[in-house]
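Examination of the molecular architecture
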Amino acid sequence: MAATDTSWALVTGASSGIGVEFARLLAERGYPVALSARREDRLRTLAAELESRHGVPTQVLPCDLAEPGAAESLWEQVQRAGLHVNVLVNNAGFGDNGPFAEAEWARMQDMLQLNIVALTALSRFALPAMRARRQGYILNVASVAAFQPGPGMAVYFATKAYVLSFTEALWAELQGSGVVATTLCPGPTQSEFFDAAQMSGKSLASQKLPSSREVAQAGLRALFAGKRTVIHGLVNNLLAFFSNRLAPRGAVLSITRRMLE
Ligand SMILES: NC(=O)c1ccc[n+]([C@@H]2O[C@H](COP(=O)([O-])OP(=O)(O)OC[C@H]3O[C@@H](n4cnc5c(N)ncnc54)[C@H](OP(=O)(O)O)[C@@H]3O)[C@@H](O)[C@H]2O)c1
């Protein structure tokens, strides 16, 4: 789907990894792009690149979406700037590694606020205008972590299970409305995710991983085709099918625990 003059794409988590590639791919399609994350310098550099390479207008909307009320402030900024958001990509998110009993509570709160609350709030704020225009696209980034519990990353896996459940329900509610809500479930992907999750030394992080661009492409292709959910990569599809449909929950728990070690 190509952009029209007045329709904007809003990408959260646009300062690194998969979010940067969403922004680049949307600009390649001609979308004016609003970029949000905390690291404003990176957003400004990306905005300049998109304007010069693709000739699209951009907006830089720095925001810490882990702060309570931040999604509301971001949406106010969007409205003050007069942006009509036709594509919302809720991509910002982070994980954390280690036993829950030892986790820093403030970090867990931030994760719940960012991965769940901000994503839900922005979906809610964007929907009325999309429904009124009978056109709009919401892409929520979950993970293959959504398909099973994750001992060692218990809160992160649970947040992604929420994103999958919420967005699939939304997809069904929106049937016939002209608006699509799609869930993207990446597997391990090249980005800053493993550093942020303090997992750089883990075997998962040292394998040959797909690029952020491939994953973002898969997400946007599914979104513009109106798909409910896309899992990136054959192996990830097989693992999700196995975890969800075939294996006993106890076996899935021990396999996932071993994979995260
Ligand atoms: N890479 C993987 O292996 C993988 C696998 C499955 C799912 N995912 C999901 O893919 C999405 C993108 O992650 P990525 O892999 O591209 O990792 P990344 O390179 O670490 O990017 C994460 C993005 O989220 C933003 N972010 C983090 N905390 C934020 C906050 N408090 N407020 C606003 N923005 C915040 C970061 O920007 P600032 O730090 O500048 O704020 C950054 O732009 C996440 O939802 C992640 O859970 C990743």
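Let me sum up the structure you'll find in this document.

Conventions we followed
- Residues numbered from 1 in each chain as written.
- Predicted model: local features only at pLDDT ≥ 70, side-chain atom pairs only at ≥ 80, totals over all residues.
- Heavy atoms only, no water.
- Helix = DSSP H or I, 4+ residues; strand = E, 2+ residues; numbered from the N terminus.
- Rg over C-alpha atoms; globule rule 2.2 N^0.38 Å.
- Buried < 20%, exposed > 50% of the residue type's maximum accessible area, 1.4 Å probe, protein only.
- Areas by Shrake-Rupley, 256 points an atom, 1.4 Å probe, with all protein chains shown as cover.
- Lys, Arg positive; Asp, Glu negative; His and termini not counted.
- Charge placed at Lys NZ, Arg CZ, Asp CG, Glu CD.
- Near = heavy atom within 4 Å.
- Polar contact = N/O pair within 3.5 Å; in protein donor to acceptor, adjacent residues only side chain to side chain.
- Nonpolar A, V, L, I, M, F, W, Y, C, P; charged D, E, K, R; others polar.
- Phe/Tyr/Trp six-rings, centres within 6.5 Å; stacked < 30°, edge-to-face > 60°.
- Lys NZ or Arg CZ within 6 Å of the ring centre and 35° of its normal.
- Core = buried A, V, L, I, M, F, W, Y, C linked by side-chain atoms within 4.5 Å.
- Contact = heavy atoms within 4.5 Å.
- 1 Å grid on protein atoms, 1.4 Å probe; cavity = no way out; pocket = protein on both sides within 12 Å on 5 of 7 lines; lining within 4 Å.
- Points joined across faces, edges and corners; volume = space filled by probe spheres on them.

Section: the overall build of the protein chain
Each helix and strand counted, the protein chain has 10 helices and 7 strands in total. A compact globule built from 261 residues should have a C-alpha radius of gyration of about 18 Å, and the protein chain, at 18 Å, falls within 12% of that. Overall size of the protein chain, expressed as C-alpha extent along the three principal axes, is 50 × 40 × 35 Å. For the protein chain, the proportion of its 261 residues judged to be buried stands at 51%. For the protein chain, the accessible area works out to roughly 12000 Å², and carbon and sulfur atoms hold 53% of it. In the protein chain, the 24 positive side-chain charges and the 21 negative ones have mean positions that sit 8 Å from each other.

Some words on the site of the ligand
Taken together, 30 residues form the shell around the ligand, and within it Ser15, Ser16, Arg38, Tyr156 and Ser191 come nearest. Measuring from an oxygen atom of the ligand, one finds a backbone N or O atom of glycine 13 at 3.0 Å. Within the contact set of the ligand, a nitrogen atom lies 2.8 Å away from a side-chain nitrogen or oxygen of aspartate 64. Here the ligand has 870 Å² of accessible area as a free molecule, and 96% of this is covered by the chains. Residue composition of the shell around the ligand, grouped by class: 15 nonpolar, 10 polar and 5 charged.

Overview of the packing of aromatic side chains
Summed over all chains, the structure comprises 7 aromatic pairs. Note on tyrosine 31 and phenylalanine 224: the rings are 6.3 Å apart at their centroids and 5° apart in plane angle, and the pair reads as stacked. Separated by 193 residues along the polypeptide, tyrosine 31 in the loop between α1 (17-28) and β2 (33-36) and phenylalanine 224 in helix α8 (residues 212-224) bring together distant segments of the chain. Considered together, tyrosine 31 and phenylalanine 224 belong to a single accessibility category, that of buried residues. Here a set of aromatic residues connected by ring pairs shows up, and it is made of Tyr156, Phe157, Phe193 and Phe194. Sitting above the plane of the tryptophan 171 ring, arginine 228 keeps its charged end 5.7 Å from the centroid.

Examining the nonpolar core
Residues Leu10, Leu65, Leu88 and Met153 are the most contacted members of the largest nonpolar core, which totals 52 residues. For this core, the element with the most residues is helix α4 (residues 105-133), which contributes 10 residues. The contacts of methionine 153, once residues within four sequence positions are left out, are Gly95, Asp96, Asn97, Gly98, Phe193, Ala197, Met199 and Leu260.

Observations regarding empty space enclosed by the protein
In total, this model carries 1 cavity of 30 Å³ or more according to the counting rule given. Counted as a void, the largest cavity has a volume near 40 Å³. In terms of lining residues, the largest cavity is bounded by Thr12, Leu65, Asn90, Asn91, Ala92, Leu114, Ala118, Leu119 and Leu122. Considering each element in turn, the lining of the largest cavity owes the most residues, 4 residues, to α4.

What about the layout of surface pockets?
Taken as a whole, the second largest pocket spans an internal volume of roughly 220 Å³. Residue lining of the second largest pocket: Phe147, Leu164, Glu168, Arg228, Thr229, Val230, Ile231, Asn237, Ala240, Phe241, Asn244 and Arg245, and that is the complete set. Looking at the lining of the second largest pocket, the elements that each hand over two or more residues are α5 (154-173), β7 (229-231) and α9 (234-246). Residues that form the lining of the second largest pocket fall into these classes: 6 nonpolar, 3 polar and 3 charged.

Any functional reading would require information that these geometric values do not contain.
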